[in-house]
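Each chain, letter by letter, is given below.
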Protein chains: 2
Amino acid sequence: MRLAIDAMGGDNAPEEIVKGSLAALKANPQMHITLVGDEAKIKPLVGSEPRLSILHTPEKIEATDQPVKAVRTKKNASMVLAIQEVKEGRADAVISAGNTGALMAAGLFGVGRIKGIDRPALAPTLPTIKKGKGFLLLDAGSNMDAKPEHLLQYAIMGSIYANKVLEIETPKVGLLNIGEEPGKGNELSKQAYELLREAPIHFTGNIESRDLLNGDVDVVVCDGFAGNLVLKSIEGNALAFYSIIKTELLSSFYSKIATALLYPKFKSIKKMMDYSSYGGACLFGLAAPVIKAHGSSNAKAIFTTIQQACRIVEKNVVGTIYETVLKTKDKWDVTN
Amino acid sequence: MRLAIDAMGGDNAPEEIVKGSLAALKANPQMHITLVGDEAKIKPLVGSEPRLSILHTPEKIEATDQPVKAVRTKKNASMVLAIQEVKEGRADAVISAGNTGALMAAGLFGVGRIKGIDRPALAPTLPTIKKGKGFLLLDAGSNMDAKPEHLLQYAIMGSIYANKVLEIETPKVGLLNIGEEPGKGNELSKQAYELLREAPIHFTGNIESRDLLNGDVDVVVCDGFAGNLVLKSIEGNALAFYSIIKTELLSSFYSKIATALLYPKFKSIKKMMDYSSYGGACLFGLAAPVIKAHGSSNAKAIFTTIQQACRIVEKNVVGTIYETVLKTKDKWDVTN
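Throughout this description, residue numbers start from 1 for each chain and increase along the sequence as written. For this description, chains carry letters from A and ligands carry numbers from 1, given in the order in which they are written. Local features in a predicted model are, by the rule used here, given only for residues with pLDDT of at least 70; side-chain atom pairs are given and counted only at 80 or more, and totals for whole chains, interfaces and linings are based on all residues. Values shown for side chains rest on all heavy atoms present in the structure; no hydrogens or waters enter the calculation.

Novice: How do you make sense of the interface of chain A and chain B when you look at a structure like this?
Specialist: A common way to state how big an interface is: give the accessible area lost once the parts meet. By definition, residues are in contact when any of their heavy atoms lie within 4.5 Å. The partner chain B presents 46 residues to the 46 residues of chain A that form the contact. By convention, the term buried area covers the 1.4 Å-probe accessible surface removed from two parts as they join, with the contributions of both added. For the pair chain A and chain B, the summed buried surface comes to about 4500 Å²; carbon and sulfur atoms form 70% of the total. We define a salt bridge as a side-chain nitrogen of Lys or Arg found within 4 Å of a carboxyl oxygen belonging to Asp or Glu. Where chain A packs against chain B, one counts four salt bridges. Ionic pairing is found between Glu235 of chain B and Arg210 of chain A, a salt bridge with its closest N-O pair at 3.1 Å. Distance and chemistry together define a polar contact, namely a pair of N or O atoms within 3.5 Å, with one atom able to donate a hydrogen and the other to accept it when in protein, and with adjacent residues in sequence counting only for side-chain atoms on both sides. Between chain A and chain B we count 13 residue pairs in polar contact (both at pLDDT 80 or more) in total. When contributions to the side of chain A that touches chain B are tallied by element, the ones reaching two or more residues are helix H7 (187-198), helix H8 (224-249) and helix H9 (253-272) of chain A. Here a helix means four or more residues in a row that DSSP labels H or I, a strand means two or more in a row labelled E, and each is numbered from the N terminus. Per element, the largest residue contribution to the side of chain A that touches chain B is 19 residues, and it comes from H8 of chain A. Residues belonging to the side of chain A that touches chain B are distributed by class as follows: 22 nonpolar, 15 polar and nine charged. For this classification, the nonpolar set comprises Ala, Val, Leu, Ile, Met, Phe, Trp, Tyr, Cys and Pro, the charged set comprises Asp, Glu, Lys and Arg, and every other residue, Gly included, is treated as polar.

In structure tokens:
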């Protein structure tokens, strides 16, 4: 197993990325990691680890860079060179905590799409009330104006990932919609519903945004606009509720004491909603495993994302998507 | 002020609707209310109140009824007759806690649209972290596949309401989008952005779903699909967080005691997120004030919704929308 990791992406680069990488090497004796980035900054953090090499480059893509332009002009950016490692066969998968749009663009330019997949999707795993489960959301913001057949492709890719990597035998796939009954929604969701009914997946029908956190389905498909809205709504609502609870609970002496008593509980609630234990967001549809770690990833989140990348490679998720699409595409491809 | 109220709509009809109506009559000496519904059920609850009359009908539309079909076949349903009261000049506004889609359909068939408004929008007020403010969301689910000019019309209607009824001098209007910068989003939001920039409103740019609860804007516009997604996401996330907090906090003896100490605080948090203090959802764009009270409205929520209806009538919101649209439509109507 050989991984290429963008050492310069995200809020805590390169320190936490190096730490997470070293932990992963310890846990996986057969793994080799190439850290791509500024050697002067990375080397002092690494120590002597023979299974870790550094590919030096001073250039990097910033979070604020315009994705496509950045990838085109910064040809030696750490993210772009990490993708090159996979493209040229020196690595099996890429991880970056940097600019999501740029990673998608670098992936498209570098390794391209799986044949038969029209649009790659960004697929994070989100927490659910039922501990340790979570659900895969795709597309979370890669492809804004999706067509029904794109949602079908997302469903197939998500289902394969949930089966192979999350080890769910028959993953339940839901269509994000504004009502549970068939026939609800906008034109896109109505047409996608009909395609999903016929697809080689376990389609469980529409799912409303209010039910997402209940964990009743394993994979939720939608266009990138809707996916990004619900993703950020969950994030923002969690922060808003914490802020309200904190303000209210700390507003009197007695409640301060009671809150102190409850502190370990609040911590465990926060942990339950912690994205980092669920790994990074896969860029499904690219012809190689490319995984976006959360921008604020700490060492633990990087470690989890590396483990996730390993399973994606070991279980041949990309190959399985390719074969499944090849087998079934004639049946449902309306673009042919 | 004369109001027609569907006494049979919602989970707590007719008891809570009658209670809320009686409280409103007490608070407004010039008000007259016509309760529309089953007289045998309503009369025993009313007592002797000369400013309340009952328009009897045994028919009603159920929450599960298919909206358009129900309005067409149940011509004497309480909701349909309440709309008739306004249409025929016997009432100034209508309130119902019943089937939202049916209320919209009954409104469209009964009183029709304001000239110049292509699609009416459902506009609830949602709570924000900053106490007592809230923001108006439109469209929350009436018009699924909206066009850019519909969003512009929503912005104008929402802005007028926020100014007249919420008494915000210059309401800030935001466009729900997946990024803050101009140029972000799907085709709809990109085109709507350009129209909103030129509109006679205080347009503050894009707003992401994660920032909605912060209360930085007063009016948020989007298509009905996106609006319904974020509305139900906020509802569902709140329930999920409460459920997690409850389970976690009550899982040990000490935390049970601490939680009991905090009980009044939790109650005040719940109250802060209580929709009922914000009134009902207006159906903006209809040629008369039609307001949808929440399906689970209690007497207090009905009272608040009645007060809201009074302000809408007193401030001539519908007339102002009509005049504003008439004055500005030539400039921006791309459908002419």
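Novice: What is the right way to read the nonpolar core from this model?
Specialist: As a rule of thumb, nonpolar side chains are buried together in soluble globular proteins. Residue and element names in this part refer to chain B. Side-chain atoms within 4.5 Å link the members of a nonpolar core, which is a set of buried Ala, Val, Leu, Ile, Met, Phe, Trp, Tyr and Cys residues. We call a residue buried when its accessible area falls under 20% of the maximum for its residue type, exposed when it is over 50%, and partly exposed in between, using a 1.4 Å probe and counting protein chains only. Leu35, Leu138, Val221, Phe284, Ile306 and Ile321 are the most contacted members of the largest nonpolar core, which totals 59 residues. With nine residues, the single largest contributor to this core is helix H6 (residues 148-164). Aside from chain neighbours lying at most four places away, what touches Leu35 is Ile5, Ala7, Ile17, Val18, Ser21, Ile42, Val46, Leu52, Ser53, Ile54 and Leu55.

Novice: Explain the sheet that holds strand E3 (residues 52-56) of chain A here, please?
Specialist: All names here are of chain A. Between any two strands, pairing holds if DSSP finds at least two bridges. Strand order in the open sheet formed by seven strands is E3-E2-E1-E4-E12-E11-E5, with mixed pairing between adjacent strands. At either end of the open sheet lies a strand with only one pairing partner, and these are E3 and strand E5 (121-123). Averaged over neighbouring strand pairs, the angle between their axes works out to 25 degrees when direction is ignored. Alignment of strand E11 (residues 281-284) against strand E12 (residues 290-292), held across two bridges, turns out to be antiparallel. By the bridge assignment, Ala281 is partnered in E12 with Lys292. Against the sheet, helix H5 (residues 100-110) touches strand E4 (93-96), E5, E11 and E12, its axis set at about 175 degrees to E12. An axis is simply a line fitted to the C-alpha atoms; with a helix, the fit covers only the stretch in contact. Between two such axes, the angle follows the N-to-C directions and lies from 0 to 180 degrees.

Novice: Sorry if this is basic, but what is going on with the packing of aromatic side chains here?
Specialist: For any pair of aromatic rings, the description consists of the separation of the ring centres together with the inter-plane angle of the planes. Residues and elements named next belong to chain A. Aromatic pairing here means that ring centres of Phe, Tyr or Trp (its six-membered ring) are within 6.5 Å. Orientation follows from the plane angle: under 30 degrees is stacked, over 60 is edge-to-face, and everything else is tilted. Counted under the stated rule, the structure contains five aromatic pairs over all chains. Arranged with centres 5.2 Å apart and planes meeting at 75 degrees, the rings of Tyr193 and Phe203 form a pair that is edge-to-face. Pair noted here: Tyr193 is in helix H7 and Phe203 is in strand E9 (residues 202-207), with a separation of 10 residues, a long-range link. Residues Tyr193 and Phe203 agree in their burial class; the two are buried.

Novice: Please explain the pairing of strand E9 (residues 202-208) of chain B as it appears in this structure.
Specialist: All names here are of chain B. Burial analysis of E9 places five of its seven residues in the buried class, which makes it a mostly covered element. Looking at chain direction, strand E8 (residues 172-177) and E9 are connected through six bridges and run parallel. Paired with Val173 across the bridge in E9 is Phe203. For a crossover, the right-handed case is the one in which the path from the first strand over the helix to the second runs clockwise, viewed with the strands pointing away from the viewer. What joins E8 to E9 is helix H7 (residues 187-198), and the crossover it makes is right-handed.

Novice: I keep staring at the sheet that holds strand E6 (residues 125-126) of chain A and nothing clicks. Help me out?
Specialist: Residues and elements named next belong to chain A. Within the open sheet, the five strands sit side by side as E6-E7-E10-E8-E9. Their pairing is mixed. On the outer flanks of this sheet lie E6 and E9, each paired with one strand and no other. Of the strands in this sheet, strand E7 (135-138), strand E8 (172-176) and strand E10 (219-221) touch helix H6 (residues 148-164), which is tilted by about 165 degrees from E10. Strands E6, E7 and E8 of the sheet are contacted by H8, whose axis makes an angle of about 135 degrees with E7.

Novice: Just to check I follow, could you spell out the relation of the copies chain A and chain B for this structure?
Specialist: Mapping between the two chain copies consists of a rotation about an axis together with a translation along that axis. The copies are overlaid by a least-squares fit using only the C-alpha atoms of residues whose pLDDT is at least 70 in both copies. Mapping chain A onto chain B leaves a residual RMSD of 0.0 Å; the transformation is a rotation of 180 degrees accompanied by 0.0 Å of translation along its axis. Both copies are brought into coincidence by an operation consistent with a two-fold rotation axis. For chain A, the residue whose C-alpha comes nearest the rotation axis is Ala258 of chain A, separated from it by 2.3 Å. Both copies share a contact surface, since 100% of the interface residues of chain A are interface residues in chain B too.

Novice: Would you take a moment to explain helix H10 (residues 299-314) of chain A for this structure?
Specialist: An α-helical turn contains 3.6 residues, so a residue and the one three or four places further along point in the same direction. The span you would expect from a helix comes to 1.5 Å times its residue count less one. An ideal rise of 1.5 Å per residue puts 22 Å on 16 residues; H10 of chain A measures up with 23 Å between its terminal C-alpha atoms. Considered for burial, the residues of H10 of chain A that qualify are Ala299, Ala301, Ile302, Thr304, Thr305, Ile306, Gln308, Ala309, Cys310 and Ile312 of chain A.

Novice: It is not clear to me how the environment of Lys75 of chain A should be interpreted in this structure. Could you clarify?
Specialist: Residue and element names in this part refer to chain A. Positionally, Lys75 belongs in the loop between helix H3 (67-73) and helix H4 (78-87). Accessibility expressed as a relative area gives 57% for Lys75, which makes it exposed. Residues Lys75 and Ile61 lie 14 residues apart in sequence; the distance between their C-alpha atoms is 9.8 Å. Within the local environment of Lys75, its side chain forms a polar contact with the backbone oxygen of Arg72, the two atoms lying 3.0 Å apart.

Novice: Quick question: what am I supposed to make of the environment of Ile95 of chain B here?
Specialist: All names here are of chain B. Tracing the sequence through the fold places Ile95 in strand E4 (residues 93-96). Considered as a pair, Ile95 and Met79 are 16 residues apart in the sequence and their alpha carbons are 8.6 Å apart. Not counting residues within four places of it along the chain, the set of residues in contact with Ile95 comprises Ala4, Ile5, Asp6, Ile291, Ala293, Thr305, Ile306 and Ala309.

Novice: Which parts of the structure should I look at to understand the environment of Pro14 of chain B?
Specialist: Residue and element names in this part refer to chain B. Looking at the element boundaries, Pro14 is found in the loop between strand E1 (2-6) and helix H1 (15-27). A relative accessible area of 4% means that Pro14 is categorised as buried. The spacing of Pro14 and Lys43 is 29 residues in sequence and 10 Å in space, taken between C-alpha atoms. Setting aside anything within four residues of it in sequence, one finds Pro14 in contact with Ala7, Met8, Lys41, Ile42 and Leu45.

Novice: I'm lost on the packing of helix H4 (residues 78-87) of chain B against helix H5 (residues 100-110) of chain B in this one. Help?
Specialist: Working note: a packed helix pair is described by the angle between its axes plus the distance between those axes. All names here are of chain B. It is at 9 Å that the axes of H4 and H5 come closest, and there the two elements cross at 35 degrees. In the packing of H4 onto H5, the handedness of the crossing is right-handed. Facing H4, whose interface residues are Met79, Val80, Ile83 and Lys87, H5 presents Ala102, Leu103, Ala106, Gly107 and Gly110. Take the far helix as the reference: if the near one is turned anticlockwise from it by less than a right angle, the crossing is left-handed, and if turned clockwise, right-handed.

Novice: What is the right way to look at the pattern of salt bridges in this model?
Specialist: Oppositely charged side chains are able to pair whenever their charged atoms sit close together. Across all of its chains, the model carries 28 salt bridges over all chains by this definition. Its salt-bridge partner being Lys232 of chain A, residue Glu208 of chain B comes within 2.3 Å of it at the nearest N-O pair. Placement of the pair is Glu208 of chain B in strand E9 and Lys232 of chain A in helix H8, with the two residues belonging to separate chains. Accessibility assignment for this pair places Glu208 of chain B and Lys232 of chain A in one class, buried. In this structure, Arg2 of chain B engages Asp92 of chain B in a salt bridge whose closest nitrogen and oxygen atoms are separated by 3.1 Å.

Novice: Is there a simple way to think about unusual backbone geometry in this case?
Specialist: In terms of backbone geometry, most residues other than glycine have negative phi values and most peptide bonds are trans. Residue Ala13 of chain A is joined to Pro14 of chain A through a cis peptide bond whose omega torsion reads -5 degrees. Cis geometry marks the peptide bond from Leu138 of chain A to Asp139 of chain A, where omega comes out at 10 degrees. With a phi angle near 55 degrees, Glu167 of chain A is a residue other than glycine that sits in the positive phi range. With respect to the helices and strands, the residue Glu167 of chain A is situated in the loop between H6 and E8. Looking at Glu167 of chain A, the relative accessible area reads 56%, which means it is exposed. A positive phi angle, close to 55 degrees, is found at Asn316 of chain B, a residue other than glycine. Relative to the helices and strands, Asn316 of chain B resides in the loop between helix H10 (299-314) and helix H11 (317-332). Residue classification places Asn316 of chain B among the partly exposed positions, given a relative accessible area of 40%.

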